[in-house]
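Coordinates in review
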Amino acid sequence: MTAFFNQFKIGLLPLYVLLAILTSSVTLVSCSKDDELEIRNDFPFEVQVMPVPKDVSNGQTVEIRMTIKRSGNYSNTQYFIRYFQFDGQGTLRYYNEPAYLPNDLYPLPTEQFRLYYTSTSTVSQSFDVWISDSFGNEKKFTFQFNSSD
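Read on for an overview of the structure.

Cut-off values and rules
Residues numbered from 1 in each chain as written. Predicted model: local features only at pLDDT ≥ 70, side-chain atom pairs only at ≥ 80, totals over all residues. Heavy atoms only, no water. Helix = DSSP H or I, 4+ residues; strand = E, 2+ residues; numbered from the N terminus. Areas by Shrake-Rupley, 256 points an atom, 1.4 Å probe, with all protein chains shown as cover. Buried < 20%, exposed > 50% of the residue type's maximum accessible area, 1.4 Å probe, protein only. Pairing = 2+ DSSP bridges. Axes fitted to C-alpha atoms, helices over the stretch in contact; angles between N-to-C directions. Contact = heavy atoms within 4.5 Å. Polar contact = N/O pair within 3.5 Å; in protein donor to acceptor, adjacent residues only side chain to side chain. Patch = residues over 30% accessible without salt bridge, like charges linked within 9 Å, V, L, I, M, F, W, Y side chains within 5 Å. Salt bridge = Lys/Arg side-chain N within 4 Å of Asp/Glu carboxyl O. Phe/Tyr/Trp six-rings, centres within 6.5 Å; stacked < 30°, edge-to-face > 60°.

1. With respect to the overall build of the chain
- Scanning the chain for helices and strands turns up one helix and nine strands.
- Carbon and sulfur atoms form 56% of the exposed surface of the chain, whose accessible area is close to 10400 Å².

2. Let's talk about the pairing of strand β7 (residues 112-119)
- For β7, the buried fraction is high: six of the eight residues fall into the buried class.
- With seven bridges joining them, strand β3 (residues 61-70) and β7 adopt antiparallel strand pairing. Along β7, the bridge assignment pairs Val-62 with Tyr-117.
- Of the strand pairs in this sheet, strand β5 (residues 90-94) and β7 are connected by five bridges, and their pairing is antiparallel. Paired with Tyr-94 across the bridge in β7 is Leu-115.

3. A short note on the sheet that holds strand β1 (residues 45-49)
- Reading across the sheet, the four strands line up as β1-β3-β7-β5 and stay open at both edges, with antiparallel pairing between neighbours. Sheet topology places β1 and β5 at the edges, where each strand pairs with a single neighbour. Neighbour-to-neighbour, the strand axes of the sheet open up by a mean angle of 25°, direction not taken into account.

4. Overview of the environment of Tyr-83
- Within the element layout of this structure, Tyr-83 appears in strand β4 (residues 79-87).
- By relative accessible area, Tyr-83 is classed as buried at 3%.
- Spatially, the C-alpha atom of Tyr-83 lies 7.0 Å from that of Phe-127, the residues being 44 residues apart in sequence.
- Contacts of Tyr-83, omitting those with residues within four sequence positions, involve Gly-90, Thr-91, Leu-92, Tyr-100, Leu-101, Pro-102, Asn-103, Phe-127, Asp-128, Val-129 and Trp-130.

5. Focus on the environment of Asp-128
- Residue position: Asp-128 is located in strand β8 (residues 125-133).
- Separated by 45 residues in sequence, Asp-128 and Tyr-83 place their C-alpha atoms 5.4 Å apart.
- Setting aside chain neighbours within four positions, we find Asp-128 in contact with Arg-82, Tyr-83, Phe-84, Phe-86, Lys-140, Phe-141 and Thr-142.
- Within polar-contact distance, the side chain of Asp-128 engages the side chain of Thr-142 at 2.6 Å.

6. Considerations on the pairing of β3
- Pairing analysis gives five bridges linking β1 to β3, with the strands arranged antiparallel. For Phe-45, the partnering residue across the bridge sits in β3 and is Arg-70.

7. Some remarks on a nonpolar patch on the surface
- A surface patch of nonpolar side chains, about 300 Å² in accessible area, is lined by Leu-19, Leu-22 and Val-26.
- Relative to the helices and strands, Leu-22 is located in helix α1 (residues 2-30).

8. Some thoughts on the packing of aromatic side chains
- Under the definition given, this model contains nine aromatic pairs.
- When the centroid spacing of 5.3 Å and the interplanar angle of 80° are considered together, the rings of Phe-45 and Tyr-79 count as edge-to-face. With Phe-45 in strand β1 and Tyr-79 in strand β4, the pair connects residues that are 34 residues apart, well separated along the chain. In terms of burial, Phe-45 and Tyr-79 fall into one category: buried.

If you want it as structure tokens, here you go:
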């Protein structure tokens, strides 16, 4: 009887070796460094714009209130603003800062802010404002004012 069990153990030896190789292969493959944890930091955003007047006169300043609404929260996200005026003349500025230059990119220090547009012409005026983040997401807004002069 003992001889039978010794013969049975020898017959299972290749199976044990195969099982050990399979277990070590699965362990090594599952510990691969290519499967790094991905951390998401690129979240889309929306911008809420409060209503603005339709008419503006030469020299008048209009307040534009804007709020950036994030869909996720990544603390290192930075927001930027740029604008381009394609009809009429005027200046756009952030609070009491100097007026923005067209097509230059400026950082936005907060997610809730006010822009001030001052008309310097007696014709209708139109300009685009782009809000972008540090990951390339961008939103465009067009503002149009009729002359009340």
